[in-house]
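Examination of the molecular architecture
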Amino acid sequence: MSVHQISIFLENRAGQLAQVTRVLADHEIDMRAISIAETSDYGVLRLIVDNAEKATSVLLENGFILSMTPVSVVAVPDQAGGLAPVLEALAEGQMDVEYMYSLFTHKEGMAYMVFRIDDEERFAALLSAHGISLADKEELGLR
Amino acid sequence: MPNYYQPEIETASREQILSWQNERLVKQVHHVWNNVPYYRQKMEEKGVTPDDIKSVDDLHKLPFLTKADLRDAYPYGLMGKPLSECVRIQSTSGTTGRRVVAFYTQHDIDLWEDCCARAIVAAGGTKDDVVQVAYGYGLFTGGPGLNGGSHRVGCLTLPMSSGNTERQLQFMTDLETTILCCTPSYAAYLAESIQEAGLRDRIKLKAGIFGAEAWSEEMRHDIEKNLGIKAYDIYGLTETSGPGVSFECCEQTGMHINEDHFIAEIIDPETGEVLPEGSKGELVFTSITKEAFPLLRYRTRDICVLTRKPCSCGRTHVKMSKPMGRSDDMLIIKGVNVFPSQIETVLLEQGYPANYQIIVDRVNHSDTLEVLVEMAPDKFSDSLADIHDEEKKLVAALKTMLGIYAKVRIVSPKSITRSEGKAVRIIDKRKI
């Protein structure tokens, strides 16, 4: 049930991020989630888009260096305390989160969190045991 | 006031110097012909035999040696004496990572130290002086050379090696150092540290002997003013022995080449043709007294000018200008020879594209080296920690190859500036 995340190498230099968004805009690719991890010299831009395959090919054509990484998306109620049970379940199962960030949808009342976890299967099972399920591509409107 | 270590040699007549050179050159060519098959083959290819070399006038008939020859003949191919008669090696970096290793018999070391002693005495050194040697010791020739020269003069010698500024200043003040030997950039840094520490009144320095890297007249004036000393230049290269091939006298208008040991020529780097005195060109040295590593017509790649105009110090040996540049792309960073090709070798070995850029700068009187490397698809990872690990591996590999730290900056693919299709590989921002 994992979702494809595109990770892109970006040098810390003015205009680098704008180049990525311009390429995606020109090809009418919709970004659903965006996160950046950076050092002083460079960063990794992490994206979830509506059409990962198309985005990958147009970014590669434009000379970007990227990789695809599987991530899990969890739907939680969009209210105070919505995320806590998910992280508590992870803590209980002693699973580490490499990184996480939020994802936008048009669905009322729900918030979505993207998780990068080493063992995705165990993560899914753990959540399921707590009555929490992963969101699939259809639910998120991703191709 | 003239100060000579070996006055009969340093002020010998031109005729006398030429007669030594003729006699020693002929002897040296026979020595090389009989003991260095690598060079003998080069001579045979050129159709030259020892009988063709009767005096310095015939020197141009001999083939050149280059850094590439040193690499090809590594490590023993240019030795003139069996290992059993050698007592030391010194080493410097080569063009593609293979180091230059020079061998010395005890006699070679004695003559090298004599040359360094001449430089120390020319800078006013006597047995009453305290000489602080803050050049690196070890394979680098700077420390061992000046150390030996200082012993010969009978100075109290402080074998400090480079770095550890606090300790340098402590010894300099407590033991009242009078002559400082180090790279000019380190001298400038020490001068600044002395100001900051408020130690100017406790410094007893009178002279400095600074070499192993390029420095300008402005830098000389700054060092002289800030330390209250006279600053002397010294020149040399591992291939011919080390520092002391030439040195400055009180006139400070060029460095006297020790012509009783080295014959200097200036050539056109393109054609190899010998140029007349006063022309700017590449400096070529023939060692006429070295036994273990007797290089004939070694191309230094340093561009300079020679002059035999009489010198007010009384020395009669030819003077060379400060090197004005290089006829190859070698950089001298922190006194260490760095070739762009070495960096390229490391990048390719580590799986990075060979499209790189080297930025050299001088920050707080110390050289800095930064290497811009383009990100490669198979080096990329979603994890910053993985990218950082790759970067650390690259820094370590560069350190092993170059002997100095290079900061690595990973940049976007195909982002390194190309002018007319060719990348600008080296940006040297140092104002020298």
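All residue numbers here refer to positions counted from 1 along the written sequence of the relevant chain. Here chains are named by letter from A upward and ligands by number from 1 upward, in the order in which they appear as written. Totals for whole chains, interfaces and linings use all residues, but because this is a predicted model, local features are given only for residues with pLDDT of at least 70 and pairs of side-chain atoms are given and counted only at 80 or more. The basis for every side-chain value is the complete set of heavy atoms in the structure, and neither hydrogens nor water enter the calculation.

A look at the interface of chain B and chain A
Rules: In what follows, a contact means two residues having at least one pair of non-hydrogen atoms within 4.5 Å. Note: buried area is the sum, over both parts, of the accessible area (probe 1.4 Å) each one loses when the two are combined. When a carboxyl oxygen of Asp or Glu lies within 4 Å of a side-chain nitrogen of Lys or Arg, that pair is called a salt bridge.
The interface is formed by 19 residues belonging to chain B together with 22 residues belonging to chain A. Taking both partners together, chain B and chain A bury about 1400 Å²; carbon and sulfur atoms supply 60% of that area. Broken down residue by residue, the surface that chain B buries against chain A is led by B:Phe380, B:Asp382 and B:Leu384, which jointly contribute 48%. Our count for the chain B to chain A interface comes out at two salt bridges.

Details of the domain arrangement of chain A
Residues and elements named next belong to chain A. Rules: An automatic or database domain assignment supplies the residue ranges for each domain. N or O atoms within 3.5 Å of each other form a polar contact, as long as, within protein, one can give a hydrogen and the other can take it, and as long as residues adjacent in sequence are counted only when both atoms are side-chain atoms. A helix here means a DSSP run of H or I that spans at least four residues, while a strand means a run of E at least two residues long, and both kinds are numbered starting from the N terminus. When residues are sorted by character, Ala, Val, Leu, Ile, Met, Phe, Trp, Tyr, Cys and Pro go into the nonpolar class, Asp, Glu, Lys and Arg into the charged class, and all the rest, Gly among them, into the polar class.
What the domain assignment lists for chain A is domain 1 (3–69) and domain 2 (71–137). For domain 1 versus domain 2, the separation of C-alpha centres amounts to 23 Å. Each side of the interface is counted separately: domain 1 has eleven residues, and domain 2 has ten residues. Between domain 1 and domain 2, roughly 1000 Å² of surface is buried when both sides are summed, and carbon and sulfur atoms account for 59% of that area. Connecting domain 1 to domain 2 are zero salt bridges. Summed over the shared surface of domain 1 and domain 2, the result is four residue pairs in polar contact (both at pLDDT 80 or more). Those elements that provide at least two residues to the side of domain 1 that touches domain 2 are β1 (3–11), β2 (31–38) and β3 (42–49). The element contributing the most residues to the side of domain 1 that touches domain 2 is β2, with four residues. The residue inventory of the side of domain 1 that touches domain 2, partitioned by class, reads five nonpolar, four polar and two charged.

Description of the layout of surface pockets
Residues and elements named next belong to chain B. Applied cut-off: The distinction between a cavity and a pocket rests on a 1 Å grid over the protein atoms alone: a 1.4 Å probe fits inside a cavity but cannot get out, while a pocket stays open yet meets protein on both sides within 12 Å along at least five of seven lines, and a residue with an atom within 4 Å of a point counts as lining. Grid points are joined across faces, edges and corners, and a volume is the space filled by probe spheres set on the points.
Considering only enclosed or pocket space, the second largest pocket measures out at about 370 Å³ in volume. The wall of the second largest pocket is formed by 19 residues, among which Val56, Ala264, Glu265, Val274 and Arg308 lie closest to the centre. For the lining of the second largest pocket, the elements supplying multiple residues, two or more each, are α2 (14–35) and β10 (262–267). No other element matches the four residues that β10 contributes to the lining of the second largest pocket. In the lining of the second largest pocket, the residues fall into ten nonpolar, three polar and six charged.

Topic: helix α7 (residues 165–174) of chain B
All names here are of chain B. Where we set the bar: Accessible area is worked out with a 1.4 Å probe on protein chains only. A residue is then buried under 20% of its type maximum, exposed over 50%, and partly exposed in between. In this context, the arc is that of the directions from the helix axis out to the C-beta atoms.
When we look at burial in α7, the residues that qualify are Thr165, Gln168, Leu169, Met172 and Thr173. Seen end-on, α7 carries its buried residues on one side only, within an arc spanning 120°. Looking at the buried positions of α7, the neighbouring elements they touch are β3 (130–133), β5 (179–182) and α8 (184–196). Looking one or two places after α7, you find Glu176, whose phi comes out positive at around 55°.

Quick notes on the pairing of β10(B)
Residue and element names in this part refer to chain B. Inclusion rule: We call two strands paired when DSSP finds no fewer than two bridges between them.
Counting buried positions along β10 gives six out of six residues, so the element sits mostly inside the fold. Residues Phe262, Ala264 and Ile266 of β10 are buried on one face, and the alternating residues Ile263, Glu265 and Ile267, pointing to the opposite face, are buried as well. As paired elements, β10 and strand β11 (residues 280–287) share six bridges and run antiparallel to each other. By the bridge assignment, Ile263 is partnered in β11 with Thr286.

Considering the domain arrangement of chain B
Residues and elements named next belong to chain B. Domain annotation for chain B reports domain 1 (7–328) and domain 2 (333–428). Its C-alpha centre places domain 1 at a distance of 31 Å from the equivalent point of domain 2. If you look at the interface, domain 1 gives 17 residues, while domain 2 gives twelve residues. The junction of domain 1 with domain 2 conceals about 1200 Å² of combined surface from both sides, 47% of it contributed by carbon and sulfur atoms. Put simply, domain 1 and domain 2 have one salt bridge between them. The salt bridge partner of Arg362 is Glu213, with a shortest N-O separation of 3.9 Å. Seen at the junction of domain 1 and domain 2, the total is three residue pairs in polar contact (both at pLDDT 80 or more). Here the element with the most residues in the side of domain 1 that touches domain 2 is α8; it accounts for four residues.

As for the pattern of salt bridges
One pass over the structure, following the stated rule, counts 38 salt bridges over all chains. A:Asp41 is paired through a salt bridge with B:Lys407; the nearest N and O atoms lie 3.0 Å apart. Here A:Asp41 is found in the loop between β2 and β3, whereas its partner B:Lys407 is found in strand β19 (residues 407–411) on a different chain. Overall, B:Lys407 belongs to the partly exposed group, its relative accessible area being 31%. Note that B:Arg315 is salt-bridged to B:Glu10, the shortest N-O span being 2.9 Å. A residue pair is termed long-range when its members are at least 10 positions apart, and B:Arg315 in the loop between β12 (298–307) and β13 (319–320) and B:Glu10 in helix α1 (residues 7–10) qualify at 305 residues. Taken individually, B:Arg315 and B:Glu10 each receive the classification buried, so the pair is uniform in this respect.

A word on the sheet that holds strand β4 (residues 66–77) of chain A
Working definition: the strands of a sheet are paired by backbone hydrogen bonds and lie parallel or antiparallel to each other. Residue and element names in this part refer to chain A. Formally: Fitted lines through C-alpha atoms give the axes, limited to the stretch in contact for helices. The angle between two N-to-C directions lies from 0 to 180 degrees.
Strand order in the open sheet formed by six strands is β2-β3-β1-β4-β6-β5, and the pairing between neighbours is antiparallel. The sheet is open, and its two borders are formed by β2 and β5 (99–103), each paired with just one other strand. Taken over all neighbouring pairs, the strand axes of this sheet differ in orientation by 35° on average, direction set aside. Relative to strand β6 (residues 110–116), β5 is paired through five bridges, and the arrangement is antiparallel. Bridging across to β6, Tyr99 finds its partner in Arg116.

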